[in-house]
Amino acid sequence: MSSKAPIGVFDSGVGGLTVVKEIMRQIPGESIIYFGDTARLPYGSKSKETIITYTRQIVRFLMGKNVKAIVIACNTASAFALETVKAELDIPVIGVVKPGAKAAAESTKNGRIGVIGTEGTIRSGIYNEFLSETNPQVQVFGKACPLFVPLVEEGLIDDPITMEMIRRYTSELIEKDIDTLVLGCTHYPLLRKTIRKIVGDKIELVNPAYETAITLKEVLTEAGLENDDNLKTDHKFYVSDGAEKFKYFANSILPCEVVETKDVNIENY
Ligand code: DGL
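A brief report on the enclosed structure follows. Here, residues in each chain are numbered from 1, in the same order as that chain's written sequence. The predicted origin of the model limits local features to residues at a pLDDT of at least 70 and limits the giving and counting of side-chain atom pairs to 80 or more, whereas totals for whole chains, interfaces and linings rest on all residues. Excluded from the side-chain calculations are hydrogens and water; all other atoms, namely the structure's heavy atoms, are used.

### Remarks on the overall build of the protein
Worth spelling out the cut-off: Helix and strand assignments come from DSSP, with helices taken as H or I runs of at least 4 residues and strands as E runs of at least 2, each series counted from the N terminus. For the radius of gyration, the atoms used are the C-alpha atoms, and the globule rule reads 2.2 Å times the number of residues raised to 0.38. Accessible areas in this description were obtained via Shrake-Rupley with a 1.4 Å probe; residue shielding takes into account the shown protein chains only. When charges are counted, Lys and Arg are positive and Asp and Glu negative, with His and the chain ends excluded. Charged groups are reduced to one reference atom each: NZ for lysine, CZ for arginine, CG for aspartic acid, CD for glutamic acid.
The secondary structure content of the protein amounts to eleven helices and ten strands. For the protein, whose C-alpha radius of gyration is 18 Å, the value lies close to the compact-globule estimate of 18 Å for 269 residues. Taken along its principal axes, the extent of the C-alpha atoms in the protein is 50 × 35 × 35 Å. A total accessible area of about 12,000 Å² is found for the protein, and carbon and sulfur atoms account for 49% of it. Side chains of the protein carry 31 positive and 36 negative charges; the gap between the two charge centres is 1 Å.

Below, the structure is given as structure tokens:
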């Protein structure tokens, strides 16, 4: 496998772009092939079996683009499908949950950590699992926030409705005296400033994207796959529906210009 090959990154929609942004910032020499499964979003309310099927299709699509590593930039797919596809592939595959749990375990002072995510991620209990592995003393309080993803997809980032929903979802976590809150869904970092306004500045907000990019860099270096001499990157973006809308969103998030986004019929893979 050539170190010049791109990295495959995928999510159910635009949320994974928060991870792409961090990868571009921390490892600027790497080219990225991004896939957003916008036709089948949300993943958060679907079964484990369905998410494994979707993930396998996307992995086959990315492997067809000769990627050297895959980042599952979706908490729900990381929770449900990472171990399965990792066992089936001979290139490095990383998810966002383990890096996020590591960052939260390092950040907490009082050992009380809140995790917000989709229904699937919270139901899977995966953050509790990784957090207790890292530090058995921590207490983890999970809260599913199913309305956050549609609010982000609609661009209602700083809207009174969004603020009210943040207040409702986070109030029970604040009552538990958490000092750290994991943004356990790749869409949520886009709400970071609004969440900060509601929860105040005493609670540390953990964005797993940051730690995921660090993990990716380490994994590439270990595998001898880091492309540190390529400053002419070639990023490509694909979605399963709504390429124009996605492109507009991507240009509002990423530091580079997204000139083109292509539609892919992912069911064919
Ligand atoms: N990006 C997904 C995640 O991180 C959430 C969006 C969805 O439900 O599809 O879990």
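### With respect to the site of the ligand
Test applied: Residues are classed as near a molecule or strand on a simple rule: at least one heavy atom within 4 Å of it. Polar contact is the term for a pair of N or O atoms within 3.5 Å; when the atoms are in protein, one must be able to donate a hydrogen and the other to accept it, and sequence-neighboring residues count only if both atoms are side-chain atoms. Three residue categories are used. Nonpolar comprises Ala, Val, Leu, Ile, Met, Phe, Trp, Tyr, Cys and Pro, charged comprises Asp, Glu, Lys and Arg, and polar comprises the others, including Gly.
Residues in close proximity to the ligand total 13 residues, the closest being Asp11, Ser12, Tyr43, Gly44 and Thr76. Between the ligand and the protein, one listed contact pairs an oxygen atom with a side-chain N or O atom of Ser12 at 2.6 Å. The contact in question runs from a nitrogen atom of the ligand to an N or O atom on the side chain of Thr186, over 2.9 Å. Its free accessible area being 300 Å², the ligand has 99% of it covered by the protein chains. Considering only residue class, the shell around the ligand consists of five nonpolar, seven polar and one charged.

### Structural notes on the sheet that holds strand E5 (residues 112-117)
Note the cut-off: Note on pairing: two strands pair once DSSP finds at least 2 bridges between them. Here the axes come from fitting lines to C-alpha atoms, over the contacting stretch only for helices, and the angles between their N-to-C directions go from 0 to 180 degrees. By the convention used here, residues are in contact when the closest approach between their heavy atoms is within 4.5 Å.
Within the open sheet, the four strands sit side by side as E6-E5-E7-E8. Their pairing is parallel. In this open sheet, the two strands that pair with only one neighbour each are strand E6 (139-144) and strand E8 (204-206). Ignoring which end each strand starts from, the neighbouring axes of this sheet average 25° apart. With six bridges joining them, E5 and E6 adopt parallel strand pairing. When the bridges of E6 are listed, Ile116 appears paired with Lys143. The strands touched by helix H4 (residues 97-107) within the sheet are E5, strand E7 (180-183) and E8, with E8 carrying the most contacts at an inclination of about 165°. Packed onto the sheet, helix H9 (residues 192-199) meets E5, E7 and E8 and runs at close to 155° relative to E8.

### Some words on the pattern of salt bridges
Put simply, the rule is: Counted as salt bridges are all cases of a side-chain nitrogen of Lys or Arg within 4 Å of a carboxyl oxygen of Asp or Glu.
Within this structure, the stated rule accounts for 14 salt bridges. Several salt bridges share partner residues, and in doing so they unite Asp37, Arg40 and Glu267 into one network.

### Topic: the packing of H4 against helix H10 (residues 208-222)
In helix packing, the relevant descriptors are the interaxial angle and the interaxial distance, both defined with respect to the helix axes. Applied cut-off: By the definition adopted for this analysis, an angle is roughly parallel if under 35 degrees, roughly antiparallel if over 145, roughly perpendicular if from 65 to 115, and oblique otherwise. By the definition used in this description, the sense in which the near helix is turned from the far one sets the handedness, with an anticlockwise turn below a right angle giving left-handed and a clockwise turn giving right-handed.
With their axes 8 Å apart at the nearest point, H4 and H10 run at an angle of 110° to one another. Compared by their axis directions, H4 and H10 come out roughly perpendicular. When the axes of H4 and H10 are compared, the crossing they make is right-handed. Of the residues in H10, those in contact with Pro99, Gly100, Lys102 and Ala103 of H4 are Pro208, Glu211, Thr212 and Thr215. Grouping the constituent residues of the contact of H4 with H10 by class yields three nonpolar, three polar and two charged.

### Details of the state of the cysteines
Formally: Whenever a pair of cysteine sulfur atoms sits within 2.5 Å, that pair is classed as a disulfide.
Scanning the model with the defined rule gives zero disulfides in all. No disulfide involves Cys74; its sulfur sits 7.0 Å from the nearest other cysteine sulfur, which is in Cys185.

### Digging into helix H6 (residues 126-134)
Applied cut-off: When a residue's accessible area, from a 1.4 Å probe over protein chains only, is under 20% of the maximum for its type it is buried; when over 50% it is exposed; and in between it is partly exposed. Each direction from the helix axis to a C-beta atom contributes to the arc, which is the arc of those directions.
Here H6 has its buried residues at Ile126, Tyr127, Phe130 and Leu131. Buried residues in H6, looked at end-on, bunch into an arc of 125°, giving them a common side.

### Points about empty space enclosed by the protein
The test is simple: A cavity here means a set of points on a 1 Å grid, drawn over the protein atoms and nothing else, where a 1.4 Å probe fits but cannot get out; a pocket is an open set with protein on both sides within 12 Å along at least five of seven lines, and a residue lines either one if it has an atom within 4 Å of a point. Grid points are joined across faces, edges and corners, and a volume is the space filled by probe spheres set on the points.
Counted according to the given criterion, the structure contains one cavity of 30 Å³ or more. The calculated volume of the largest cavity comes to roughly 50 Å³. Considering the residues around the largest cavity, the lining is formed by Thr18, Val19, Asn75, Val96, Leu183, Cys185, Thr186, Pro189, Asn207, Pro208 and Ala209. Elements supplying a minimum of two residues to the lining of the largest cavity: helix H1 (17-26) and H10. Residue classes in the lining of the largest cavity are distributed as seven nonpolar, four polar and no charged.

Spatial relationships are all this shows, so hold off on functional conclusions.
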